[in-house]
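The primary structure of each chain is shown beneath.
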Amino acid sequence: INFCPATTRRSISKMDSITNDIITIPMFHDNYCYLLPSPNGDAIAIDPADGNKIVTYCQENSLKITHVLTTHKHRDHAGGNDIIASKFEGVKILGGRKDAVEGCTQPVDDGDVLDIG
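Residues numbered from 1 in each chain as written. Predicted model: local features only at pLDDT ≥ 70, side-chain atom pairs only at ≥ 80, totals over all residues. Heavy atoms only, no water.

Novice: It is not clear to me how helix 1 (residues 51-60) should be interpreted in this structure. Could you clarify?
Specialist: Owing to its 3.6 residues per turn, the α-helix aligns residues three or four sequence positions apart on the same side. The complete set of buried residues in helix 1 reads Gly51, Ile54, Val55 and Cys58. Seen end-on, helix 1 carries its buried residues on one side only, within an arc spanning 100°. In this fold, the buried residues of helix 1 make contact with strand 1 (23-27), strand 2 (31-37), strand 4 (64-69) and helix 3 (81-87). The N-capping residue of helix 1, defined by a side-chain oxygen 3.2 Å from the backbone nitrogen of Asn52, is Asp50. (Buried < 20%, exposed > 50% of the residue type's maximum accessible area, 1.4 Å probe, protein only. Helix = DSSP H or I, 4+ residues; strand = E, 2+ residues; numbered from the N terminus. Arc of directions from axis to C-beta. Contact = heavy atoms within 4.5 Å. Polar contact = N/O pair within 3.5 Å; in protein donor to acceptor, adjacent residues only side chain to side chain.)

Novice: Where do I start with the pairing of strand 3 (residues 42-46) in this structure?
Specialist: Side-chain positions along a regular strand alternate between the two faces of the sheet. Counted residue by residue, strand 3 has four buried out of five residues, so it is predominantly covered. Note that strand 2 and strand 3 share four bridges and pair antiparallel. From the neighbouring strand, Leu36 faces strand 3, where its bridge partner is Ile44. Where strand 3 lies against strand 4, five bridges are found, and the strand directions are parallel. For Ala43, the partnering residue across the bridge sits in strand 4 and is Ile65. Remark: the strand 3/helix 1/strand 4 crossover connection has right-handed handedness. (Pairing = 2+ DSSP bridges. Right-handed = clockwise from strand over helix to strand, strands pointing away.)

Novice: Is there a simple way to explain the sheet that holds strand 1 in this structure?
Specialist: On the basis of which strands lie adjacent, the open sheet formed by six strands has the order 1-2-3-4-5-6 and mixed pairing. Two strands close off the open sheet at either side, each with one partner strand: strand 1 and strand 6 (106-108). Direction aside, the axes of adjacent strands within the sheet are offset by 25° on average. Each of strand 1, strand 2 and strand 4 touches helix 1; the most contacted strand, strand 1, lies at about 145° to it. (Axes fitted to C-alpha atoms, helices over the stretch in contact; angles between N-to-C directions.)

Novice: Explain the nonpolar core to me, please; I cannot follow it from the model alone.
Specialist: One recurring pattern in soluble globular proteins: nonpolar side chains tend to sit buried together. With 18 residues, the main nonpolar core has Leu35, Ile54, Ile65 and Ile84 as its most contacted residues. For this core, the secondary-structure elements that each account for two or more residues are strand 1, strand 2, strand 3, helix 1 and strand 4. Residue contacts for Ile54: discarding those within four places in its chain leaves Ile25, Met27, Cys33, Leu35, Pro48, Ile65 and Ile84. (Core = buried A, V, L, I, M, F, W, Y, C linked by side-chain atoms within 4.5 Å.)

Novice: Can you help me understand the pattern of salt bridges in this one?
Specialist: Between side chains of opposite charge, a pair can form when the charged atoms approach closely. A complete count under the given rule lists two salt bridges for this structure. For the salt bridge of Arg75 with Glu102, the shortest nitrogen-to-oxygen distance reads 2.5 Å. In this pair, Arg75 sits in helix 2 (residues 75-78) while Glu102 sits in the loop between strand 5 (92-96) and strand 6, placing the two residues 27 residues apart along the sequence. With a closest N to O distance of 3.0 Å, Asp109 and Arg97 form a salt bridge. You can see Asp109 sitting in the segment after strand 6 and its partner Arg97 sitting in the loop between strand 5 and strand 6, a full twelve residues away along the chain. Classification of Asp109 as partly exposed rests on a relative accessible area of 30%. (Salt bridge = Lys/Arg side-chain N within 4 Å of Asp/Glu carboxyl O.)

Put into structure tokens, the structure is as follows:
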């Protein structure tokens, strides 16, 4: 996964090495969270604005969030980070170093390449 913070467009490559499915979950009236599950039940969440909705979905589908990728700090993208961190032990929350993303545990810079999964 190649993840670039809000200063550039985000790019996700080599998806087939992680999952064959991308789960789209509506957030509020105009945004979405994307879940990328792996065959072992681990999952990556992208922009989980509503943490309770994501936690419920994961519990109902036996998924464990291991990483959260946050494109930028606005609540309609990062609002669920703290709730997810409280429910999934050891979750890594990634966000742009200069963006002050809610709950960020692993700041990233433009061009960083992450090995997840």
